[in-house]
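Breakdown of the fold
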Amino acid sequence: MRLVLVGPPGAGKGTQAEFIADHFGIPKISTGDIFRANVSGGTDLGKLAKKYMDAGDLVPDEVTNAMVRDRLARPDALEGFLLDGFPRNVAQAGELDKILAELGAPLSVVLDLDVDFDEVVKRLSGRRTCKSCGHVWHLEYDPPTKPGICDRDGGQLYQRDDDQPETVRHRLEVYGQQTEPLIGFYREAGKLVAINALGHVEDVTERAIAALTPFADA
């Protein structure tokens, strides 16, 4: 199965990607992993990307696309893969189609983790992170025994800047402008399957696997 995972920040893509990839026996490929591997490995693309990153600039699409092309051509991805974090816009989606056409491996399906934006704000703004061990608690879904104190090591809990409600709303605005159009793009292409991403992690995983199973041997 050749799968792309999409959904807003806070939809649980990272968590679900691990479970889905493990269930279907395919590698989970994220742009973050690709960037780190190229930069730490000192590849030509990694060196080029690092120049932009060190300058505080966004890495151009053509560099990201080249890294993705290189990763998808490796032997472990020939029988399938799960892409998380790419494509981020319609232009990158078009480039991915070209890459997969060159490899003779068209995309099987795109899974949209559908969740209401208000729920995303609630999810992310309720997170509290331990300054000592880094464990993440949630004020409603997984609260510590003592407010502001980590159960694991007694460390102080704090709210990360990117979990502030106004920051979360801005991230959702950016997603709506840049990434959400992918849903229409893939719906028109007949590749989109959407599931409700609300509820317990295990329940969402069951929905995802049930929705994807028909495409496993496609």
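Scroll up for the structure.
Now for a description of the structure that goes with this document. Quantities reported herein were computed from a predicted structural model and do not represent experimental measurements.

A closer look at helix 8 (residues 181–188)
Those residues of helix 8 lying buried are L182, I183 and Y186. In a view along the axis of helix 8, the buried residues occupy a sector of 100 degrees, so they form one face of it. Looking at helix 8, the residues exposed on the side facing more than 90 degrees away from the buried face are R187 and E188. Buried residues along helix 8 sit in contact with helix 5 (90–103), strand 4 (109–114), helix 7 (165–179) and strand 8 (192–196). Positive phi shows up at G190, right after helix 8, with a value of about 75 degrees.

Focus: the side chain of H135
By the element assignment, H135 lies in the loop between strand 5 (127–130) and strand 6 (136–138). Looking at H135, the relative accessible area reads 19%, which means it is buried. If we ignore the near neighbours within four places in the chain, the residues touching H135 are R128, T129, C130, D142 and R152.

Considerations on the state of the cysteines
The final tally for this structure, using the stated rule, is zero disulfides. Just so you know, C133 is unpaired, no disulfide at all, and the nearest cysteine sulfur is the one on C130, 3.7 Å from it. For C133, a relative accessible area of 40% puts it in the partly exposed group. As a non-bridged cysteine, C150 has C130 as the owner of its nearest cysteine sulfur, 3.8 Å distant.

Description of the packing of aromatic side chains
One pass over the full model with this rule turns up two aromatic pairs. Relative to Y175, the ring of F117 lies with its centre 6.2 Å away and its plane at 65 degrees, an arrangement referred to as edge-to-face. With F117 in helix 6 (residues 117–125) and Y175 in helix 7, the pair connects residues that are 58 residues apart, well separated along the chain.

With respect to the sheet that holds strand 7 (residues 157–158)
Pairing is antiparallel across the open sheet formed by three strands, whose spatial order is 6-5-7. A strand with exactly one partner marks an edge of an open sheet, and here the two such strands are strand 6 and strand 7. Relative to strand 6, strand 5 runs antiparallel, the two sharing three bridges. Residue pairing for strand 6: R127 is matched across the bridge by H138. Relative to the sheet, helix 6 contacts strand 5 and strand 6, its axis offset from that of strand 5 by approximately 25 degrees.

A closer look at the sheet that holds strand 8
In space, the five strands of this open sheet follow the order 2-3-1-4-8, with parallel pairing throughout. The open sheet is flanked by strand 2 (28–30) and strand 8, the only strands paired with a single partner. Geometrically, the sheet is characterised by an average inter-axis angle of 25 degrees between neighbouring strands, direction not taken into account. The pairing of strand 4 with strand 8 spans five bridges and is parallel. When the bridges of strand 8 are listed, D112 appears paired with A194. Its contacts with the sheet put helix 9 (residues 201–212) on strand 1 (2–6), strand 4 and strand 8, and the angle it makes with strand 8 is roughly 155 degrees.

Here we look at the pattern of salt bridges
Oppositely charged side chains may form a pair once their charged atoms are brought near each other. Across all of its chains, the model carries 12 salt bridges by this definition. Residue R71 pairs with D76 through a salt bridge whose shortest N-O separation is 2.8 Å. On the accessibility criterion, R71 (15% relative accessible area) is buried. E119 is the salt-bridge partner of R123, the closest N and O atoms lying 3.7 Å from each other. Note that R123 and E119 are positioned in helix 6 at a spacing of four residues, about one turn of the helix. Residue E119 is classed as buried on the basis of its relative accessible area, which comes to 18%. Among the charged side chains, a network of salt bridges with common partners joins R127, R160, D162 and D163.

Considering the environment of K13
In this structure, K13 sits in helix 1 (residues 13–24). Assessed through its relative accessible area of 18%, K13 is described here as buried. It is 8.9 Å that separates the C-alpha atoms of K13 and G85, two residues lying 72 residues apart in sequence. Each residue touching K13, except ones within four places of it in the same chain, is listed here: L5, V6, G7, P8, D84 and L113.

The rules we used
- Residues numbered from 1 in each chain as written.
- Predicted model: local features only at pLDDT ≥ 70, side-chain atom pairs only at ≥ 80, totals over all residues.
- Heavy atoms only, no water.
- Buried < 20%, exposed > 50% of the residue type's maximum accessible area, 1.4 Å probe, protein only.
- Helix = DSSP H or I, 4+ residues; strand = E, 2+ residues; numbered from the N terminus.
- Arc of directions from axis to C-beta.
- Contact = heavy atoms within 4.5 Å.
- Disulfide = S-S within 2.5 Å.
- Phe/Tyr/Trp six-rings, centres within 6.5 Å; stacked < 30°, edge-to-face > 60°.
- Pairing = 2+ DSSP bridges.
- Axes fitted to C-alpha atoms, helices over the stretch in contact; angles between N-to-C directions.
- Salt bridge = Lys/Arg side-chain N within 4 Å of Asp/Glu carboxyl O.

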